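An overview of the molecular structure
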There are 2 protein chains.
Amino acid sequence: MPKPEILDPQGKAVHGALPRLGFADVVDVRQGKRFEIELEGEVDEDRLAEVHRMAETLLSNPVIENFTVHVEETVS
Amino acid sequence: MPKPEILDPQGKAVHGALPRLGFADVVDVRQGKRFEIELEGEVDEDRLAEVHRMAETLLSNPVIENFTVHVEETVS
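Just so it is clear, the structure is predicted and the values come from calculations on it, not from any experiment.

1. Here's the deal with the layout of surface pockets
Counted as a void, the second largest pocket has a volume near 390 Å³. Lining the second largest pocket are 21 residues, with Gly32 and Lys33 of chain A together with Gln31, Gly32 and Lys33 of chain B positioned closest to its centre. Among the residues making up the lining of the second largest pocket, the classes are represented as nine nonpolar, six polar and six charged.

Now the structure itself:
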């Protein structure tokens with residue numbers, strides 16, 4: 001997600017469109033990206049650290065964006 | 001997120017770049033959008049339904065994208 005101090009024109013545009021479409025009461029909208037990274041097998045601490053490094057170096061721009069990493073289990 | 005049957009060129013590009021950057025073992029990458037909608041006060045069922053309607057009509061393209069809505073509490 002864009003850092004709080006960074007302008008977010010896409011979020012602002014969505015926020016501006018909401019009242020016209022009948023949605024009131026929204027204080028703010030921020031738009032960012034979401035990546036789903038699929039790994040095979042167990043996600044241990046090392047692999048999670050690797051995904052963190054991936055998010056930091058490739059998936060986000062750390063100058064203007066924050067990121068969080070969540071693990072979701074899927075049973076195949 | 002793009003539906004599973006929809007091609008995701010951004011996700012494919014990221015997936016292709018990972019081995020070159022030293023990240024192995026990733027089965028798949030999908031890229032989508034994330035919106036943070038800030039509301040004031042309690043989020044009851046009606047307001048949650050309104051956010052669902054917002055996601056369906058304005059924030060996503062239901063032909064090619066799926067969406068999920070999560071509520072996160074913040075104490076100010």
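2. Looking at the domain arrangement of chain A
Size of an interface, as often reported, equals the accessible area lost when the parts are brought together. Residues and elements named next belong to chain A. Per the domain assignment, the segments making up chain A are domain 1 (1–32) and domain 2 (35–76). Counting residues at the interface gives five residues for domain 1 and five residues for domain 2. Summed over both partners, the interface of domain 1 with domain 2 comes to about 410 Å²; 46% of that surface belongs to carbon and sulfur atoms. A per-residue breakdown of the area domain 1 buries against domain 2 is headed by Met1, Lys3 and Ile6, which together make up 87% of the total. Taken together, the links from domain 1 to domain 2 amount to zero salt bridges. Applying the counting rule to domain 1 against domain 2 returns three residue pairs in polar contact (both at pLDDT 80 or more). Grouping the constituent residues of the side of domain 1 that touches domain 2 by class yields four nonpolar, no polar and one charged.

3. Structural notes on the relation of the copies chain A and chain B
Copies of the same chain, two in number, are related to each other by a rotation about an axis and a translation along it. For the match of chain A to chain B, the screw axis carries a shift of 0.0 Å, the RMSD comes to 0.0 Å, and the turn is 180 degrees. In short, the pair behaves as if placed about a two-fold rotation axis. Within chain A, Lys33 of chain A has its C-alpha nearest the rotation axis, a separation of 2.2 Å. Of the interface residues in chain A, 97% have counterparts in chain B that sit at the interface too, so the contact is made through matching surfaces.

4. What about the interface of chain A and chain B?
The interface of chain A with chain B comprises 31 residues on the first partner and 30 residues on the second. Both faces combined, the contact of chain A with chain B buries some 2700 Å², and carbon together with sulfur accounts for 63% of it. Applying the counting criterion to the chain A and chain B interface returns zero salt bridges. Seen at the junction of chain A and chain B, the total is eight residue pairs in polar contact (both at pLDDT 80 or more). Secondary structure elements with two or more residues in the side of chain A that touches chain B: helix 1 (9–20), strand 1 (26–39) and helix 2 (45–59) of chain A. For the side of chain A that touches chain B, the element with the highest residue contribution is strand 1 of chain A, accounting for 14 residues. Tallied by class, the residues present in the side of chain A that touches chain B amount to 16 nonpolar, four polar and eleven charged. Bridge analysis of strand 1 of chain A against strand 1 (residues 26–39) of chain B gives 13 bridges, and the strand direction is antiparallel. By the bridge assignment for strand 1 of chain B, Phe35 of chain A is matched with Gln31 of chain B.

Thresholds, definitions, all that
- Residues numbered from 1 in each chain as written.
- Chains lettered and ligands numbered in written order.
- Predicted model: local features only at pLDDT ≥ 70, side-chain atom pairs only at ≥ 80, totals over all residues.
- Heavy atoms only, no water.
- 1 Å grid on protein atoms, 1.4 Å probe; cavity = no way out; pocket = protein on both sides within 12 Å on 5 of 7 lines; lining within 4 Å.
- Points joined across faces, edges and corners; volume = space filled by probe spheres on them.
- Nonpolar A, V, L, I, M, F, W, Y, C, P; charged D, E, K, R; others polar.
- Domains from an automatic or database assignment.
- Contact = heavy atoms within 4.5 Å.
- Buried area = accessible area lost by both parts, 1.4 Å probe.
- Salt bridge = Lys/Arg side-chain N within 4 Å of Asp/Glu carboxyl O.
- Polar contact = N/O pair within 3.5 Å; in protein donor to acceptor, adjacent residues only side chain to side chain.
- Least-squares fit on C-alpha atoms with pLDDT ≥ 70 in both.
- Helix = DSSP H or I, 4+ residues; strand = E, 2+ residues; numbered from the N terminus.
- Pairing = 2+ DSSP bridges.

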